[in-house]
Amino acid sequence: MKTIKRASTLKAVLLAGAGLCIAGSAYAAEPLVKACAKDGQFIIGFSQANNAEPYRQHVNDELEAAVKEVPGFTLQIADGAGNVNTQTSQVDNFITQKVDILLISPFEAAPLTPAVKRAMDAGIPVIELDRKTVGDPGKDYTAFIGGDNFKIAEEAGKYTAKTLLPDGGEAAVLQGLPSSTPAVERLNGFKEGVKGNPKVQIVAEQAADWVPDKAQVAFAAMLQAHPDIKVLYASNDMMAAGALLAAKGAGKDVKIIGTDGLPGPAGGIEAVAKGDWVATFTYPTGAKEAIEMSKKILLDCATEVDKTVTVETTAITAENAKQLMGK
Amino acid sequence: MSDDKISPASAPAPAAPQKHRDPLALIVRFQSLIGLVLVAIGGIIFSPRRHGEILFLNPDNIANIVRAVSETGIIAIGMTFVIITAGIDLSVGAVLGLSSVVTASMMISGGFGLIPTILAVLALGIVFGAIQGTISTRFRLEPFIVTLAGLQAARGLALVVSGNQYINISYGDGPGLAPPVFAVLGERLFNNTVPVATLVFVVFAAVATIVLNTTRFGRYVFAVGGNERAARISGVPVSMVKIAVYAITGFAAALAGIVHAGQFNFGSANDGMGYELTAIAAVVIGGTSLFGGAGSMVGTVAGTIMLGALANILQLNNITPAMQLLATAAIIVLAAVLQSLVRRREGLGR
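Remember, it's a predicted structure, so these values are computed and weren't measured experimentally.

Quick notes on the overall build of chain B
Right, on to step 1. Tallying secondary structure elements over chain B gives 15 helices and six strands in all.
Right, on to step 2. Taking 20 Å as the expected radius of gyration for a compact globule of 350 residues, we find that chain B reaches 20 Å, a close match to that expectation.
Right, on to step 3. Taken over the C-alpha atoms alone, chain B extends approximately 65 × 60 × 35 Å along its principal axes.
Right, on to step 4. Across the 350 residues of chain B, 50% fall into the buried class.

Quick notes on the overall build of chain A
Right, on to step 1. On a plain count of helices and strands, chain A comes out with eleven helices and twelve strands.
Right, on to step 2. Counting only residues that meet the buried cut, chain A has 48% of its 327 residues in that class.
Right, on to step 3. Taking as baseline every contact in chain A between residues at least 6 positions apart, the subset at least 24 positions apart corresponds to 71%.

With respect to the interface of chain A and chain B
Right, on to step 1. Between chain A and chain B, the residue contacts involve 20 residues of the former and 25 residues of the latter.
Right, on to step 2. Secondary structure elements with two or more residues in the side of chain A that touches chain B: β2 (73–79), α3 (84–97) and α4 (109–121) of chain A.
Right, on to step 3. By residue number, the principal contributor to the side of chain A that touches chain B is α3 of chain A, which donates eight residues.
Right, on to step 4. Across the side of chain A that touches chain B, the residue classes tally to seven nonpolar, nine polar and four charged.

Remarks on the sheet that holds strand β12 (residues 315–317) of chain A
Residue and element names in this part refer to chain A.
Right, on to step 1. Pairing in this open sheet of six strands is mixed, and the strands run β7-β6-β8-β9-β10-β12 from one edge to the other. Pairing within the sheet leaves two strands with one partner each, and these edge strands are β7 (200–207) and β12. Adjacent strand axes in the sheet meet at a mean angle of 20°, parallel and antiparallel pairs treated alike.
Right, on to step 2. The pairing of strand β6 (residues 169–175) with β7 spans seven bridges and is parallel. Looking at β7, one finds that Gly169 is bridged to Val200.

Overview of the environment of Pro227 of chain A
Right, on to step 1. Along the chain, Pro227 of chain A turns up in the loop between α7 (212–225) and β8 (229–234).
Right, on to step 2. Under the C-beta neighbour-count criterion, Pro227 of chain A is labelled exposed, with 10 such atoms within 10 Å.

Topic: the packing of helix α5 (residues 70–84) of chain B against helix α12 (residues 238–264) of chain B
Residue and element names in this part refer to chain B.
Right, on to step 1. Packing of α5 against α12 brings their axes to within 8 Å, and their N-to-C directions diverge by 175°. The angle between α5 and α12 falls in the class roughly antiparallel. Of α12, the residues touching α5 (which contributes Ser70, Glu71, Ile74, Ile75, Ile77, Gly78, Met79, Phe81 and Val82) are Val245, Tyr246, Ile248, Thr249, Phe251, Ala252, Ala253, Leu255, Ala256, Val259 and His260.
Right, on to step 2. Residues of the contact of α5 with α12, tallied by class, amount to 15 nonpolar, four polar and one charged.

Things to note about α12 of chain B
All names here are of chain B.
Right, on to step 1. Here α12 is 27 residues long and its end C-alpha atoms lie 39 Å apart, about the 39 Å a rise of 1.5 Å per residue gives.
Right, on to step 2. Here α12 lies mainly inside the structure; 23 of its 27 residues are buried.
Right, on to step 3. The positive-phi residue at the C-terminal boundary of α12 is Asn265, with phi of around 55°.

A few points about helix α9 (residues 196–214) of chain B
Right, on to step 1. Taking 1.5 Å of rise per residue, 19 residues should cover 27 Å, and α9 of chain B covers 27 Å from first to last C-alpha, within 8% of that figure.
Right, on to step 2. Within α9 of chain B, the full set of buried residues consists of Ala197, Thr198, Val200, Phe201, Val202, Phe204, Ala205, Ala208, Thr209 and Leu212 of chain B.

Concerning the sheet that holds strand β11 (residues 308–310) of chain A
Residues and elements named next belong to chain A.
Right, on to step 1. The strand order across the open sheet formed by six strands is β2-β1-β3-β4-β5-β11, and the pairing between neighbours is parallel. Among the strands making up the open sheet, the edge pair consists of β2 and β11. Across this sheet, the average inter-strand angle for adjacent strands is 20°, counted without regard to direction.
Right, on to step 2. Taken together, the three bridges between strand β5 (residues 143–146) and β11 define a ladder with parallel strand orientation. Residue pairing in the sheet places Phe144 in a bridge with Thr308 of β11.
Right, on to step 3. On the sheet, helix α2 (residues 54–68) packs against β1 (42–48), β2 and β4 (126–129) and is oriented at approximately 165° with respect to β2.

What to know about the packing of α3 of chain A against α4 of chain A
Residue and element names in this part refer to chain A.
Right, on to step 1. Interhelical geometry of α3 versus α4 gives an angle of 0° and a closest axis separation of 9 Å. In this view, α3 runs roughly parallel relative to α4, as classed from their interaxial angle. The segment α3 lies against α4, with Val84, Gln87, Thr88, Val91, Asp92 and Ile95 engaging Pro111, Leu112, Ala115, Arg118 and Ala119.
Right, on to step 2. Residue composition of the contact of α3 with α4, grouped by class: seven nonpolar, two polar and two charged.

So, the pairing of β8 of chain A
Residue and element names in this part refer to chain A.
Right, on to step 1. Burial within β8 is extensive, with five of its six residues counted as buried.
Right, on to step 2. In this structure, β6 lies alongside β8, joined through five bridges in parallel fashion. Residue pairing across strands places Ala171 opposite Val231, the latter belonging to β8.
Right, on to step 3. Two strands pair when backbone bridges link them, and β8 and strand β9 (residues 255–260) are joined in this way by three bridges, in the parallel orientation. Across the sheet, Val231 pairs through a bridge with Lys255, a residue of β9.
Right, on to step 4. Handedness of the crossover is the feature at issue here: the chain leaves β8, passes through helix α8 (residues 237–250), returns alongside β9, and the resulting connection is right-handed.

Brief notes about the nonpolar core
Right, on to step 1. Counting 139 residues, the largest nonpolar core has Leu102 of chain A together with Ile74, Ile75 and Leu255 of chain B as its most contacted members.
Right, on to step 2. Sequence-distant contacts of Ile75 of chain B, defined by excluding residues within four places in its chain, comprise Val92, Leu96, Ala252, Ala253, Ala256, Tyr275 and Ala279 of chain B.

Re the domain arrangement of chain A
All names here are of chain A.
Right, on to step 1. Domain parsing of chain A yields domain 1 (42–147 + 285–312) and domain 2 (149–283).
Right, on to step 2. Each of domain 1 and domain 2 was reduced to a C-alpha centroid, and the two centroids are 31 Å apart.
Right, on to step 3. Counting from both sides, the interface comprises four residues of domain 1 and, opposite them, six residues of domain 2.
Right, on to step 4. Within the side of domain 1 that touches domain 2, the residues separate by chemical class into two nonpolar, two polar and no charged.

Remarks on the confidence of the model for chain A
Right, on to step 1. Per-residue pLDDT for chain A has a mean of 87; in total, 90% of the residues score no lower than 70.
Right, on to step 2. pLDDT under 50 marks residues 17–27 of chain A. Its contacts with residues more than four places away, or in other chains, come to zero contacts.

Concerning unusual backbone geometry
Right, on to step 1. Of note, the phi angle at Asp260 of chain A is positive, near 115°, even though the residue is not glycine.
Right, on to step 2. You can see Asp260 of chain A is positioned in strand β9.
Right, on to step 3. The backbone of Asn265 of chain B sits at a positive phi, close to 55°, despite the residue not being glycine.
Right, on to step 4. Within the secondary structure layout, Asn265 of chain B lies in the loop between α12 and β6 (266–267).
Right, on to step 5. On the neighbour-count criterion, Asn265 of chain B (22 C-beta atoms within 10 Å) is buried.

Brief notes about the confidence of the model for chain B
In regions of low pLDDT, the predicted coordinates are not meant to be interpreted in detail.
Residues and elements named next belong to chain B.
Right, on to step 1. Mean pLDDT over chain B: 86, with 93% of residues reaching 70 or higher.
Right, on to step 2. When the elements of chain B are averaged for pLDDT, helix α1 (residues 2–6) gives the smallest value, 39, and α5 the largest, 96.
Right, on to step 3. The model gives residues 1–18 a pLDDT under 50, and that stretch makes 30 contacts with residues more than four places away or in other chains.

Conventions used here
Residues numbered from 1 in each chain as written. Chains lettered and ligands numbered in written order. Predicted model: local features only at pLDDT ≥ 70, side-chain atom pairs only at ≥ 80, totals over all residues. Helix = DSSP H or I, 4+ residues; strand = E, 2+ residues; numbered from the N terminus. Rg over C-alpha atoms; globule rule 2.2 N^0.38 Å. Buried ≥ 20, exposed ≤ 12 C-beta atoms within 10 Å, placed from the backbone. Contact = placed C-beta atoms within 7 Å. Nonpolar A, V, L, I, M, F, W, Y, C, P; charged D, E, K, R; others polar. Pairing = 2+ DSSP bridges. Axes fitted to C-alpha atoms, helices over the stretch in contact; angles between N-to-C directions. Parallel < 35°, antiparallel > 145°, perpendicular 65-115°, else oblique. Expected span 1.5 Å × (residues − 1). Right-handed = clockwise from strand over helix to strand, strands pointing away. Core = buried A, V, L, I, M, F, W, Y, C linked by C-beta atoms within 7 Å. Domains from an automatic or database assignment. pLDDT = per-residue confidence, 0-100.

Set out below in structure tokens:
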């Protein structure tokens, strides 16, 4: 009797155990990374689109700073050098190395999509920074973190309409490389922002392809045609720097707004602090947010993370520029 | 693994008879193979390990290396013909961009099928190259200048064809979609081990090796590069040979452009930027003389893979891209110096 009873108890325990296992796999989601651990050693691979752009260098710097704060994290940055073939092979190398998380700013969306899929298939969470590949966050890649170009430019537009030209006046826009997504979004965002004040007129808009020399030429021509331009919105800091040269050359006092808010002697924050421009609106790198998310996944064993994180812009004006310069 | 893949290319290359055999000349003849072996050994020694496995030798990693170099490799094969005739072709990277744009737009907006598209793009490459060759020979212009102009022309044409946009390639049946079979260029065959792009490279290299080493045309190419006047006197159709080699580089660039579009589902006027310089580097490291008259296909293939393996091992060890450029520079200089020493010993120094 005894033995039979014991056997049946054992059976019941086993059955219950099996039932729990099934329930467990059905209800409790697994962590995104199985090897996650509070005190583990982790490698984060970052596939950068092109180190040659000042903004992207700034992203690298911020990522490096953020990773330093986390013991156990090591950051590896590979420079795609503006070449989808190079960037693809670098992502493949990261997969071979079995990095614990892949961060990527794809140089182009469609060409890098298969490489991102290979990483996901290999069980590596992929956080896309600033630029997306094709597909949906949460499914084709783990998450997207970036700024919203339209909103950032809209903020600049509102600032123009309310603070710079409350009584109206002429404004001009320098656009980035035509047909590139951020150029279009920033142009439309600024236009939307100034709509709040019908007395503000946009009298000129020209493409200067993100570079200062073309911006200087274009803005000099604008000032010839429209000598009463009071505000210039430049879609990035480099073009704002070029526009400043044109304004100085023409002897005009134009209020210049940049975009990106890069640090360093050539960046927008210092230009605002010096009083050369009235403002610049940061295009946030999302570096801190990306490392925070990596901590959640690797250290806290998160089962899911926010699929899309939009990082807000900061308006840099004479009031806060000096204080932000050291950062 | 990689040895298997390059074996068709390294099929016995009948050595051109040489009178002065000294050890240095032998080293130069096989410098890129020696270099490849050295880089491979270095790769094994310095490779990061995971659970005792040497990552550098991981089959996936080898596949990554040979896939990444396939486009520049295809171009370098064509470039080898041109450089053996003492010419140069700077237009190849731009022709790759033009070809990938034309491939994408023919299939997506033109509604053409796979075969017509591929044939048309290859023909475009051949014609583009032949025009450059014709201008260069007819007006006795330096190929450097002619192909520099060709580079600008091809990039300009690519922008016109693409309307300043990049063209995404989506797959399926019906208008505006490309035949799904085209996507095979981005995949791996044989149990997910051999990248298709690499197969294209290997087959092209094998054909080129046979053409260069066993055909009359191949002998003409060496003759034109060795001594143009002597070749002319002995009845070699010098102009035709020259036009043909530029048609070959055009074909190679177009083929690489098709592979590019298929691998990345995408055509952009900016594709292949700077590839001409990587290809020239691979050819020079492969032991082909910029003065013409000497060179080998096997060397070019080995040089191409060596550059890829070097880039791979540096990234696996998280060494900065700056070091990669510096290492490549040192290798190019070393290869050129070795060549020049041999020329001097053989009394051919210029």
